[in-house]
Amino acid sequence: MFKPADVQGNILRGYRKSRVRYLMLEVADRAAARRWLAACSSGRDGIPQITTEEPWITKPVTCFNIALTYEGLRALGASQRSLDTFPTEFKEGMGQRAVKLGDVGPSAPHSWPAPFDEPKRNHLIATIYADESAQLDSVQQQALAGNSGFNLLGRRDGFNFNDNYVHFGYHDNISQPKFAEIHDVDSLSDAQPVAPLGTVLLGYETNFEGLLFKVPEPEPLGLNGSFNAFRVLQQDVAGFEAYLTTAATYLLAHPKVDELLPPGAEAKIGEGLSRHAALREVVAASFCGRWRNGVPLALSPDTAHPSPEVDPTDFDFVGDSRCPYGAHIRRSNPRGGQIVQRVANHSRRLVRRGMPYGPAYYPEKPDGEERGLLGNFIGANLGAQFEAMSCDWTNLGLQDPRITGSNDPLIGANDPATSWFDIPLKSGATIRLRELPRFVQTRGG
């Protein structure tokens, strides 16, 4: 039976706080660390209490979560019998799964900065959510004061700097799985089916008929748990904007450009845009599957400002959708569209909780600062969901033969020597863009 008090918050429903801090911790004193964890469940001894799924009477000022690695469970004294019941991908950790995840070249684990360069020392991540940086400082001090039993190895801060827009300029956090036990299903406009709790929680039915993912033992440790792939993803914003310019210049001279963007249609893309600037936005929308303001190409392929307005979640990829087959949102979640692995529709859905890090990018003021996304990709099975999506769909394109051999244009492990992306035209023809660089580098996880 589902008990909200047994489930950590931010999994089934987001906190919608504007700031986040991740504290990477190493067990230094097993007994003290175990006492600290026990206190986290109740909030006693001045330790921040873990925020659960229990409904709020009043929204808390701050929220607090913890996540344990396999090495963390070992360091805390979990028995080998218990550790053996966890899945292989969790035991091995993100570093050993790097090739499957596309973490190669500059994204390879050997280039990750501290503390991610020593994965066996990363035992626990404590996460603080708040609206003010001073509140993050206060909860961190509260959590680690005295003998917590942990060494602080590092921290990462993120914040919503522009009302749910991320560094590449896209409106984010638009569509997440909805659960019948949590959400008012009758009020939902999202065209996707309601997700079973087993999509993200261990011990419940999944999208695979008759299949429940194995719950690690002992049951109180695994039941109602989730697996979280935490990723530090650096985004090359300058490189992304430069490629849009290069692609628009190429398209401007292409013989089929008028089919892609009829003369005079620039105003439908954005007020006052030149033809070149409008083509830049067409490329950006094609890469993502949404215009940068969040309007999906599946509902509005020719304008970023449809009238009447459209619901950004109420669409599918069935039939002759104008959303490119290789677009980011279509690769990561094909919805009801036809794919080769037909049984996999809706099976790899993940809860995504992410927040930008680093300052906003202003092209007129280049600064050399690192910026990107602190992402959590939450599900009940890392291999069947996060890894399968990352490998099969993001970096191999196995869901459709028309994109097989290409990578996700936004987050894929692209190489200019081999990368390509097809923009569909109304006639059924395509225009192929080439030499896409890698825009996102993994900096830890």
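On a predicted model such as this, the values are computed, not experimentally measured, just so you know.

Visitor: Help me out: how do you make sense of the overall build of the protein in this one?
Guide: Each helix and strand counted, the protein has 13 helices and ten strands in total. Relative to the 2.2 N^0.38 estimate, which gives 22 Å for 445 residues, the radius of gyration of the protein is 22 Å and therefore close to what a compact globule would have. Structurally, the protein occupies a C-alpha span of about 70 × 50 × 45 Å along its principal axes. Within the protein, the proportion of its 445 residues that are buried is 52%. For the protein, the accessible surface area stands at approximately 20100 Å², while carbon and sulfur atoms represent 51% of it.

Visitor: Would you explain the nonpolar core in this entry?
Guide: Soluble globular proteins: nonpolar side chains tend toward being buried together. Ranked by size, the top nonpolar core spans 76 residues in total, and within it Y170, F240 and F287 carry the most contacts. The element best represented in this core is helix α11 (residues 275-288), accounting for eight residues. Apart from the residues within four sequence positions on either side, Y170 is in contact with N164, Y165, F240, A284, F287, C288, R290, W291, R292 and L410.

Visitor: It is not clear to me how unusual backbone geometry should be interpreted in this structure. Could you clarify?
Guide: One can expect most non-glycine residues to show negative phi and most peptide bonds to be in trans. Here the bond from E217 into P218 is cis, since omega is -5°, no more than 30 degrees from zero. If you trace the backbone, P218 turns up in the loop between β4 (150-159) and α7 (219-222). With an omega of 0°, the peptide bond running from S307 to P308 counts as cis. Note on placement: P308 falls in the loop between α11 and α12 (328-332). Look at R16: it is not a glycine, yet its phi comes out positive at around 60°. Tracing the backbone through its elements, the reader meets R16 in the segment before β1 (19-27). Accessibility expressed as a relative area gives 65% for R16, which makes it exposed. Located in the positive-phi region is N164, a residue other than glycine, with phi close to 70°. Along the chain, N164 turns up in the loop between β4 and α7.

Visitor: Please explain the pattern of salt bridges as it appears in this structure.
Guide: Pairing between side chains of opposite charge can happen when the charged atoms of each approach one another. This model, assessed by the stated rule, comprises 29 salt bridges. Taking the shortest distance from any N to any O, the salt bridge between R97 and E387 comes out at 2.8 Å. Remark: E387 occurs in helix α13 (residues 382-395) and R97 occurs in the loop between α4 (88-92) and α5 (98-101); sequence separation between them is 290 residues. Of the charged contacts in the structure, one is a salt bridge between R156 and E370, with a shortest N-O distance of 3.7 Å.

Visitor: Mind showing me how you'd approach the sheet that holds strand β3 (residues 124-130) here?
Guide: Consider a sheet: its strands pair through backbone hydrogen bonds, and that pairing is either parallel or antiparallel. If you trace the four strands from one edge of the open sheet to the other, you get β2-β3-β1-β4, paired in antiparallel fashion. Only two strands of the sheet have a single partner each, and these edge strands are β2 (63-68) and β4. The mean inter-strand angle of the sheet, taken between neighbouring strand axes irrespective of direction, is 20°. Of the pairings in the sheet, the one linking β1 to β4 comprises nine bridges and is antiparallel in character. Note on β4: the bridge partner recorded for R19 is F159. Sheet strands touched by helix α1 (residues 30-40): β1, β2, β3 and β4. Its angle to β2, the strand with the most contacts, is close to 135°.

Visitor: How should I be thinking about helix α8 (residues 237-252) in this particular structure?
Guide: Each turn of an α-helix holds 3.6 residues, which means side chains three or four residues apart point in the same direction. If you check α8, its first and last C-alpha atoms are 23 Å apart, about what 16 residues at 1.5 Å a residue would give, namely 22 Å. Those residues of α8 that sit buried are V237, G239, F240, E241, Y243, L244, A247, A248 and L251. Contacts from the buried residues of α8 go to β5 (227-235), α9 (257-260), α11, β8 (420-424) and β9 (430-434).

Visitor: Any chance you could explain the sheet that holds strand β7 (residues 372-379) here in plain terms?
Guide: The strand order β6-β7-β5-β10 describes an open sheet built from four strands, whose pairing is antiparallel. With one partner strand each, in any of the chains shown, β6 (351-357) and β10 (440-444) form the two edges of the open sheet. In this sheet, neighbouring strand axes are inclined to one another by 30° on average, regardless of whether the strands run parallel or antiparallel. Taken together, the seven bridges between β6 and β7 define a ladder with antiparallel strand orientation. The residue of β7 that forms the bridge with P356 is L373.

Visitor: I'm lost on the packing of aromatic side chains in this one. Help?
Guide: For any pair of aromatic rings, the description consists of the separation of the ring centres together with the inter-plane angle of the planes. The full count for this structure, using the stated rule, is 21 aromatic pairs. When the centroid spacing of 6.1 Å and the interplanar angle of 25° are considered together, the rings of Y15 and W56 count as stacked. Taken together, the positions of Y15 in the segment before β1 and W56 in the loop between α1 and β2 put the pair 41 residues apart, joining distant regions of the chain. Judged by its relative accessible area of 3%, Y15 is buried. Given a relative accessible area of 37%, W56 falls into the partly exposed group. Ring pairs connect the aromatic residues F168, Y170, F240, Y243, F287, F421 and F439, which therefore count as one cluster. The side chain of R335 reaches across the aromatic face of F315, ending 3.8 Å from its centre. Over the ring of Y325 we find R402; its NZ or CZ atom is 3.8 Å from the centre of that ring.

Conventions adopted
Residues numbered from 1 in each chain as written. Predicted model: local features only at pLDDT ≥ 70, side-chain atom pairs only at ≥ 80, totals over all residues. Heavy atoms only, no water. Helix = DSSP H or I, 4+ residues; strand = E, 2+ residues; numbered from the N terminus. Rg over C-alpha atoms; globule rule 2.2 N^0.38 Å. Buried < 20%, exposed > 50% of the residue type's maximum accessible area, 1.4 Å probe, protein only. Areas by Shrake-Rupley, 256 points an atom, 1.4 Å probe, with all protein chains shown as cover. Core = buried A, V, L, I, M, F, W, Y, C linked by side-chain atoms within 4.5 Å. Contact = heavy atoms within 4.5 Å. Salt bridge = Lys/Arg side-chain N within 4 Å of Asp/Glu carboxyl O. Pairing = 2+ DSSP bridges. Axes fitted to C-alpha atoms, helices over the stretch in contact; angles between N-to-C directions. Expected span 1.5 Å × (residues − 1). Phe/Tyr/Trp six-rings, centres within 6.5 Å; stacked < 30°, edge-to-face > 60°. Lys NZ or Arg CZ within 6 Å of the ring centre and 35° of its normal.

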